[in-house]
Amino acid sequence: FMSLNSAALSHAPYFLLTGIPGLEKEQFCIAFPFCIMYAVAVLGNITLLLVIKAELSLHEPMYLFLAMLAFTDLVLSTSTLPKMLSIFWLGSGEIGFLSCLVQLFFIHTFASMESGTLMAMALDRYIAICHLLRLSSNLSLRVVVALGSLVLVCGVLLVSPFCFVLHRLPFCKHHIISDSYCEYMAVLKLACGDTRVSATYDLFVAFVLTGSGVTLISVSYTLILRVVMRLSSTEARLKAFSTCASHICIILPFYVPALFTFLTHRFRQSIPLHIHIMVASLYLLLPSVLNPIIYGVRTKKLWERVV
C-alpha cells in the first residue's frame, strides 16, 4: 500500500509543454498558418460529413470510408490544435496529468484509426478495380460498418495499455515535455525506473500499424497497377489512375511524416529538435487539411454534391 501510495504521489500534477524548442520567439507568428489550416480542416471535414450524410447516392463504400476518414481527422486535429495554439499565442503550456493521458489516448487511437481506414480504402479500390462484379456483395453497408468498428476497437485495444502504463509509472524527473502535444515516447522518457518493456510495446504497436498499413496498401496498388495496365481502353486506364492518384495523395502526407516522427523520436541523432516537432505537428494536421480538398476537388460526384 505504501509503495502504491508513493507512486501515486510521484505523478506530476501537470506537465509543461514547451511548444517548439528553439523557435519560442517565432511561435506567435507560426500559430497563424496553423490556425488557418485548422479552420480549413474543420470546415472541409464537416462539409464532407454533412454532404455524405445528406446524399443517399453517396452511401457507397468509397464515400462511407471517406466519412470515417473525415471524422478521424476532425478528432485528431481538435485533440491537438486548440492546446497548441494556446501555447503559441498565450504561453499556456501547462496540461494536467490526466488531461495529458486523455490527449495522448485520442491522438494515438485516432492515428491508428486513420491508418486502418486508409487500409480499408485501399482494399475498396482493389475490389472496385480488380473485382468490379463482386464489389456490391463483398463491401456492403454491413461490411463497411463492421470494418469501421474493427478499426476503432483495434485502435482502442492497442493504445489503452499506453495510458495504463504511464498512469502506474512514477515521475521523479523534471516534468517538461519538449513538444507541442503529449506524445507517448516524449512522456515515457520523463518516467523513473525501467521503461524498456513499455518502449518495446510501443515499437510493436508502431510496427503493427505502420508496417501492416504500408504493406497492405503497397500490395493493393501493385495488383491494381497490373490490372489497370491490361485495360484496353485508354479512358478506363485514365479513370482508374485518377481514382488511385487521389488515394495516394492522401496516403503520402500521413505515412511519410508518421515514419519520420517515429524514427526521430527513437533514433534521433543529428536532426534539430525544432524540425522534429514541426514535422510531428504537421503529421497530425496536414492530412486533415488535404483529405477533404483532394477528395472534394478530384471526385466529380462528390464535388457536384458539395457545390
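Residues numbered from 1 in each chain as written. Predicted model: local features only at pLDDT ≥ 70, side-chain atom pairs only at ≥ 80, totals over all residues. Heavy atoms only, no water.

To keep it simple, the criterion reads: UniProt positions are given in the numbering used here, feature names are shortened, and annotations may be inferred rather than shown by experiment.
An unreviewed UniProt entry lists the protein under the name Olfactory receptor, with Ardeotis kori given as the organism. According to UniProt, the comment filed for the protein under the heading Sequence similarities (unreviewed entry) is "Belongs to the G-protein coupled receptor 1 family." Within the UniProt record for the protein, the comment given under Function (unreviewed entry) is "Odorant receptor."

Digging into the overall build of the protein
The line we're drawing: To qualify as a helix, a DSSP run of H or I must reach at least 4 residues; to qualify as a strand, a run of E must reach at least 2; elements of each kind are numbered from the N terminus. Using a 1.4 Å probe on the protein chains alone, a residue whose accessible area is under 20% of its type maximum counts as buried, one over 50% counts as exposed, and one in between counts as partly exposed. Every residue pair with non-hydrogen atoms within 4.5 Å of one another is taken to be in contact. All accessibility values rest on the Shrake-Rupley procedure with a 1.4 Å probe; residue burial counts only the protein chains present in the view.
Scanning the protein for helices and strands turns up eleven helices and three strands. If you list the helices and strands of the protein from N to C, you get α-β-α-α-β-α-α-α-β-α-α-α-α-α. Taking all 307 residues of the protein together, the buried fraction comes to 47%. A sequence separation of at least 24 residues applies to 77% of the contacts in the protein between residues at least 6 apart. Carbon together with sulfur atoms contributes 72% to the accessible area of the protein, which is approximately 15300 Å² in total.

As for the UniProt feature "transmembrane region" (unreviewed entry) in the protein
Here the UniProt feature "transmembrane region" (unreviewed entry) sits at residues 30-51, 63-81, 87-111, 143-167, 203-228, 240-263 and 275-297. The distance separating the terminal C-alpha atoms of residues 63-81 is 26 Å; by composition the span is 100% helix and 0% strand. Counted over residues 143-167, helix gives 100% and strand 0%. Its end C-alpha atoms are 36 Å apart.

Regarding the state of the cysteines
Note the threshold: The rule for a disulfide is simple: a pair of cysteine sulfur atoms within 2.5 Å.
In the structure shown here, the tally under the stated rule is one disulfide. One disulfide in the model links cysteine 100 with cysteine 182; its S-S distance is 2.0 Å. An S-S torsion of about -125° defines the bridge between cysteine 100 and cysteine 182 as left-handed. Linking cysteine 100 in helix α4 (residues 97-130) with cysteine 182 in the loop between β3 (176-177) and α7 (184-188), this pair joins segments that are 82 residues apart in sequence. There is no split in this pair, since cysteine 100 and cysteine 182 are both buried.

A few points about the packing of helix α3 (residues 61-90) against α4
As a reminder, the rule being used: Note on definitions: angles span 0 to 180 degrees between N-to-C directions of axes, and those axes are lines fitted to C-alpha atoms, for helices only across the stretch in contact. In what follows, roughly perpendicular refers to angles from 65 to 115 degrees, roughly parallel to angles under 35, roughly antiparallel to angles over 145, and oblique to any angle outside these ranges. Handedness of a helix crossing follows the sense of rotation of the near helix relative to the far helix, less than a right angle counterclockwise being left-handed and clockwise being right-handed. Throughout this entry, Asp, Glu, Lys and Arg are counted as charged residues, while Ala, Val, Leu, Ile, Met, Phe, Trp, Tyr, Cys and Pro are counted as nonpolar. The remaining residues, Gly among them, count as polar.
Interaxial distance between α3 and α4 falls to 9 Å at its minimum, and their mutual angle equals 160°. Classified by the angle between their axes, α3 and α4 sit roughly antiparallel to one another. The two elements α3 and α4 meet at a crossing, and its hand is left-handed. Split by residue class, the contact of α3 with α4 holds 16 nonpolar, five polar and five charged.

What to know about the sheet that holds strand β2 (residues 94-96)
Going by this rule: The pairing criterion is simple: DSSP has to find at least two bridges between the two strands.
Strand order across the open sheet formed by three strands is β2-β1-β3, with mixed pairing between neighbours. This sheet does not close on itself; its edge strands, each paired only once, are β2 and β3. Contacts between α4 and the sheet are confined to β1 (14-17), β2 and β3, with β2 contributing the most and set at about 85° to the helix.

Topic: helix α8 (residues 196-230)
So the rule is basically this: Multiply 1.5 Å by the residue count of a helix minus one, and that product is the helix's expected span.
Spanning 35 residues, α8 covers 50 Å between terminal C-alpha atoms, matching the ideal 51 Å at 1.5 Å per step. Taken together, the buried positions of α8 are Ser198, Asp202, Val205, Ala206, Leu209, Gly213, Ile217, Ser220, Tyr221, Ile224 and Val228.

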